[in-house]
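Topology and contacts: notes
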Amino acid sequence: KQLRSTTMAASKCDVCARAELAGKKFVRPRVQRVAQGTRRCVREDGLHRTRRVAARAQGLSGDPTKFSVDERDGDLGDLKPYTPLLDTVNYPIHIKNFSIDQLKQLAREIRADVIQSVSKTGGHLGSSLGVVELTVALHHIFNTPEDRIIWDVGHQAYPHKILTGRRNRMSTIRQSHGLSGFTKRTESEYDPFGAGHSSTSISAGLGMAVGRDFKNKNNKVIAVIGDGAITGGMAYEALNNAGFLDKNMIIILNDNNQVSLPTQYNGKNQDPVGAMSGMLSRLQSNRPLRELREIAKGVSKQFPQPIQELTAKVDEYARGMISGSGSTLFEELGMYYIGTVDGHNLNDLVSILREVKNTESVGPVLIHISTEKGRGYHPAENASDKMHGVVKYDVKTGKQIKAQAKVASYTQFFAEGLIAEAEADDRVIGIHAAMGGGTGMNIFEKRFPERTFDVGIAEQHAVTFAAGLATEGLKPWCAIYSTFLQRGYDQVVHDCALQKLPVRFAMDRAGLVGADGATHCGAFDVAYMGCIPNMYMCAPSDEAELLHMIATMNQIDDAPSCIRFPRGNGVGVDLAEAGVGPNKKGSVLDIGKGRILRGGEDVALVAYGSIVQYALAAADILAANGISATVADMRWCKPLDTNLINHMAKEHPVMITVEEGSIGGFGAHVMQYMAMNGMMDGNLKFRPMILPDRFIDHGAQKEQLEWAGLSPSHIASTALATLGRERDSLAVLEPHLMGSA
């Protein structure tokens, strides 16, 4: 109201009115009408051009879902887009009485809001833009939070967050103490199920439906799953069980032709991974079915208007009489299949969802909608990955504002090191589970496209597929995030380790991962891999060590092996001085042998992995306090360098293991060895430093390590306290305590 009254009173254009509200001083202009739906703001400085007001309502080419950056008030800098209708909405209850035209305007304003807010924070953009209309329709038709909407993965839930009371906190998303980038039960009652990993929504929704029936309730359960997530085996297991139990629930298959994330990397127009993609495409283009629909439309016109509306909005999509090729998969599993529905047509979405909600039927319904990832934002629509995950970017161009790192990422070094091995050994094979960009396998694929396999979101299959390759004498490298390898654990044990098949696991994102938070934290791999017999385990302290370990693992042919490395950039070591070849070819290390990086007498800091760098920094703090510290880079957890452990224990009164992992990891292996050999029966003071026994929320990685108590100051403080210098221990931590206060 304030904006409207200011605009009317001053008789100026919206741009100038909004600028004045923001405290900007402009010369009072007069508004000229140039043509119907068009007005021009005439200003002395000549900055404003003719501005099409009608375009804001209709969008580009008459498409209300399209949002042009040219329509934004670019000279207003950080001001938010004009969202008069969205400004009246705090919760879904506020849109229940909206007309279709109002819902369309709301969707358009949400899309503009998402584009603007993500440009300031980074996050998952493309997937959120693709479900704006679906989100609006769902919250318009269903009575959330009583009705449960489960978003698979949850990275597409930004519009959902905006409509459920969290719009004013979108500027904090994926930041310390801010909103999660995924759905999270503790964040809102509108998030009935937390997510982050894929293919879980149907199982969770089915459980909710069964629980609802046990409690004699009648609320609706809706699971929204993408064509990527539905490639996961767990989704098929849930579909099978849902059809058998025949419980009322709604499954919405969001088909954006992006079965793999992303499918179109390397600048190629690659087809989505898997046969499911072909089936979904056939469902969208089945000619006999389309012809039947047209016939049905003609016949229905002879009926009364209510029947015409029903046939036009439901029977047009229902597959009761004839199925498109492939739809029988869902039907044979017991689903009532409706599709394909235009996921950006609010008229159809609202009508279909209303009919499905109000129909008294028994059993699961699957609604197949077709959407466009990145919809409405030209830079996203034109990007090969649809701007799936982005850092901050310029709204007008879509150009991401990426800081220029002095050192490449560990992921980049891994890819280049593996390429070096593959150039020397034609048996090297690369495998990933729909994460070519995140794991560096897209870089490997550029060089060896015929030796790279994207198996889709199917970690279980990836592991056993790699085991099969190993039986044929090949050298498979399975590149999977630490957190995602959890999904293929039985296959690691049963199909690889039990049979001593030399599959090589590259576990990226080990340890704390920053903005992705607890769902993607790689805290558990040392514990869950370390307890498996016949498993080699190593972790590099820097990028040169990573390249050496790749070369070493490539020579291991008698059992599976794994390497963990963190998210982020290398430390900037001189690769040539460290023995790395010009093409990133590492040198083979002695298996099970660590190294001493710094000598001392008072305390031994025994570190595993990239946390070695913090141990070295802690040694500097200790030196400033008159304490001499030895820093050991253990390199290997299995086999453990027992000779080095013996030396550390005998030569120092205090021994501290340091790792960026959970309880049961490297420190547990060291303690087990020392306890069984009587090394802890004497005067040695031993302290293991690990991640705390709790999940750590999203934030900057450095902050997360502070929260976990694994910063250099925390390591030094632990050493001082163990040596009996409590006052100095607290003094070292004082800046951190003051900061947290």
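Below: a short report on this structure. The written sequence of each chain sets the order in which its residues are numbered from 1. Totals for whole chains, interfaces and linings use all residues, but because this is a predicted model, local features are given only for residues with pLDDT of at least 70 and pairs of side-chain atoms are given and counted only at 80 or more. Working from all heavy atoms in the structure, the side-chain values ignore hydrogens and water.

**Thoughts on the environment of Ser711**
Operational definition: Put simply, DSSP H or I for four residues or longer makes a helix, DSSP E for two residues or longer makes a strand, and each gets a number counted from the N terminus. For the purposes of these results, a polar contact is taken to be a pair of N or O atoms within 3.5 Å, where, inside protein, one atom must be able to donate a hydrogen and its partner to accept one; residues adjacent in sequence count only when each atom of the pair is a side-chain atom.
Here Ser711 lies in the loop between helix 27 (701-708) and helix 28 (712-722). Within the local environment of Ser711, its side chain forms a polar contact with the side chain of His714, the two groups lying 2.5 Å apart.

**As for helix 28**
Each α-helix winds once per 3.6 residues, and so residues spaced three or four apart point in a common direction. Keep this limit in mind: Burial classes: relative accessible area under 20% of the type maximum marks a residue as buried, over 50% as exposed, and values in between as partly exposed (1.4 Å probe, protein chains only).
In terms of burial, helix 28 is a largely internal element, nine of the eleven residues being buried. When helix 28 is considered as a whole, its buried residues turn out to be Pro712, Ser713, His714, Ile715, Ala716, Ser717, Ala719, Leu720 and Thr722. At the exit of helix 28 stands Gly724, carrying a positive phi of roughly 90 degrees.

**Some remarks on the sheet that holds strand 9 (residues 364-370)**
Our working definition: In this description, strands pair whenever DSSP reports at least two bridges between them. Every angle, taken between N-to-C directions, lies between 0 and 180 degrees, and every axis is a line fitted to C-alpha atoms, over only the stretch in contact when it is a helix. When checking whether two residues touch, look at their non-hydrogen atoms; a contact exists if any pair is within 4.5 Å.
Taken together, five strands build an open sheet; the order of strands is 5-6-7-9-8 and the sheet is parallel. In this open sheet, the two edge strands, each paired with only one partner strand, are strand 5 (148-151) and strand 8 (336-342). Put simply, the sheet's adjacent strands are angled 20 degrees from each other on average, direction ignored. Two strands pair when backbone bridges link them, and strand 5 and strand 6 (residues 221-226) are joined in this way by four bridges, in the parallel orientation. Looking at the pairing, Trp151 lines up with Val224 of strand 6. Helix-sheet contacts for helix 8 (residues 201-214) involve strand 5, strand 6 and strand 7 (249-255), and the interaxial angle to strand 6 is about 175 degrees.

**Notes on the pattern of salt bridges**
This is how the line gets drawn: What counts as a salt bridge is simple: a side-chain nitrogen of Lys or Arg found within 4 Å of a carboxyl oxygen of Asp or Glu.
Tallying each qualifying case throughout the model produces 27 salt bridges. Salt-bridge contacts for Lys475 lead to Asp425; the nearest nitrogen and oxygen are separated by 2.9 Å. Here Lys475 is found in strand 13 (residues 475-479), whereas its partner Asp425 is found in the loop between helix 16 (410-424) and strand 11 (428-432), with 50 residues between them in sequence. Residue Lys475 is classed as buried on the basis of its relative accessible area of 2%. The closest approach of N and O atoms between Asp620 and Arg598, which form a salt bridge, is 2.5 Å. Of the two residues, Asp620 is situated in helix 24 (residues 612-624) and Arg598 in strand 17 (residues 595-598); the sequence distance between them amounts to 22 residues. Accessibility expressed as a relative area gives 47% for Asp620, which makes it partly exposed. For Arg598, a relative accessible area of 27% corresponds to the partly exposed category. Beyond isolated ion pairs, a larger network of salt bridges with shared partners links Asp542, Glu545, Arg595, Asp633 and Arg635.

**Section: the sheet that holds strand 16 (residues 561-564)**
Taken together, the seven strands give an open sheet; going across it, the order is 12-11-13-14-16-15-20, and neighbouring strands pair in mixed fashion. Each edge of the open sheet is held by one strand with a lone partner, namely strand 12 (452-454) and strand 20 (636-638). Each strand axis lies, on average, 20 degrees off the axis of its neighbour in the sheet, ignoring direction. Bridge analysis of strand 14 (residues 504-507) against strand 16 gives four bridges, and the strand direction is parallel. Looking at strand 16, one finds that Arg504 is bridged to Ser561.

Geometry only, nothing functional implied.
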